[in-house]
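Chain by chain, the residues:
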Amino acid sequence: MTSFDLAVYIGRFQPFHAGHLACVGQALDLAPNLVVLVGSINRPRNIRDPFSYAERREMIESALPDALRERVVVTGVADRLYNLPRWVAGVQTAVDGIVNAVAGPDAAITLVGHRKDQTSDYLDLFPQWTFSAVEEVAMLSATEIRDALFGTPADEVADTLDAQPLPPGVKDFLGDWIAREADAWEALRGEWAFIRRYRSQFAALPYPPIFQTVDAVVLQAGHILLVERGAQPGRGLLALPGGFLDAHETIEDAVIRELREETGIKVPEPVLRGSIRARARYDDPLRSMRGRTITDAFLFELRPGPLPRIKGGSDARHAKWVSLAEFQSLESQIFEDHFHIVQDLLGRV
């Protein structure tokens, strides 16, 4: 017998595995209808988020038995790093848009989930919904599934895929996707191998290292300066000019150096320093797959006028000016959390 009118289940589902399907079943024991809210819908492809929102939605729908499919609504919500209230509002808006259609305005809603670590803290952000803990059917990890698949040569991936705890429909989807998107899959496997090698350098240290980087948000006449990454991770993605702090320099010196090395911007150094309007630190523990990486970002606002000449250099394949209007549509092409850094810094001025 159901206790609620509607259940809500939030996750990234990268990929949707048998444990997720079991949680869906438990949620539908609590309510006649379920909203599966897919997170991180606008992320670029990377080894933590290899599948798009549309692909994950197809996975979920392929995994549901016919008897349950009509009771489940799948929708999505974008990340809003460094602006938690905006993310919460996005979740509320997505659910509110469904409630009236399937359960009515006075519906009793339950949020279902499993508390496993700090990534489950979002479960405490919706006090208007009753929380219902679901039983963990098995110790299943989407990370371990991704690692198994990324570490398998292309000619053996079918056997590895068959051994994973995935619903049959998801196995079929992934097998077809890997064959169809062979270039994208090989790029992901290459990035996975790079990250493994990168992290192995520090395996013998008594404590995991913490890296310090810098990033430059340069504005000029309604445009923002971006670079195209020429190296892994994130090869081919757009990014803010920046890089690692050298041991002998201050953080401000580092951002000036990296900005000039990666873009060749034709602006004198004193003018760049005088154009700094804001500075903030970004330290989301998962912001970089290379390891714990904290960045200090600087907002440079140059005087109105012609866009300064630029030329990609150092680790940047290209450098280019992008209008702020166009930038807002590029979230799925921006490296790591750089899109969210820009949103936050712009809000500070």
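Scope of this entry: the structure provided in the associated data block. Going along each chain's sequence as written, the residues are numbered from 1 onward. Under the rules for a predicted model, residues below a pLDDT of 70 receive no local features and side-chain atom pairs below 80 are neither given nor counted, while totals for whole chains, interfaces and linings still include all residues. Values shown for side chains rest on all heavy atoms present in the structure; no hydrogens or waters enter the calculation.

**Here we look at the sheet that holds strand 4 (residues 109-113)**
Phase 1: Strands qualify as paired when DSSP identifies two bridges or more between them. Helix numbers and strand numbers start at the N terminus; a helix is a DSSP run of H or I with at least 4 residues, a strand a run of E with at least 2. Ordered in space as 3-2-1-4-5, the 5 strands form an open sheet in which the pairing is parallel. Of all strands in the sheet, those bounded by a partner on one side alone are strand 3 (72-76) and strand 5 (130-133). Between one strand axis and the next, the sheet turns through 25° on average, direction left out of account.
Phase 2: Sheet analysis places strand 1 (residues 6-11) next to strand 2 (residues 34-38), joined by 5 bridges and oriented parallel. In this analysis an axis means a line fitted to C-alpha atoms, helices contributing only their contacting stretch, and an angle means the value between N-to-C directions, from 0 to 180 degrees.

**Observations concerning the nonpolar core**
Phase 1: Residues Val24 and Leu34 are the most contacted members of the largest nonpolar core, which totals 44 residues.
Phase 2: With 6 residues, the single largest contributor to this core is helix 8 (residues 182-200).
Phase 3: Two residues form a contact once any of their heavy atoms are found within 4.5 Å. Ignoring sequence-local partners within four residues, the contact set of Val24 consists of Tyr9, Phe16, Leu34, Val36, Leu64 and Val72.
Phase 4: Val8, Ile10, Ile98 and Leu111 belong to the second largest nonpolar core, which has 20 residues in total. The set of buried Ala, Val, Leu, Ile, Met, Phe, Trp, Tyr and Cys residues whose side-chain atoms join them within 4.5 Å is what this entry labels a nonpolar core. For each residue, the accessible area found with a 1.4 Å probe, counting protein chains only, is set against the maximum for its type, and the residue is called buried under 20%, exposed over 50%, and partly exposed in between.

**Structural notes on the pattern of salt bridges**
Phase 1: Put simply, a salt bridge is a Lys or Arg side-chain nitrogen that is within 4 Å of an Asp or Glu carboxyl oxygen. A complete count under the given rule lists 22 salt bridges for this structure.
Phase 2: A cluster of three or more residues bridged by salt bridges with shared partners is formed by Asp246, Glu249, Arg257, Glu258 and Glu261.

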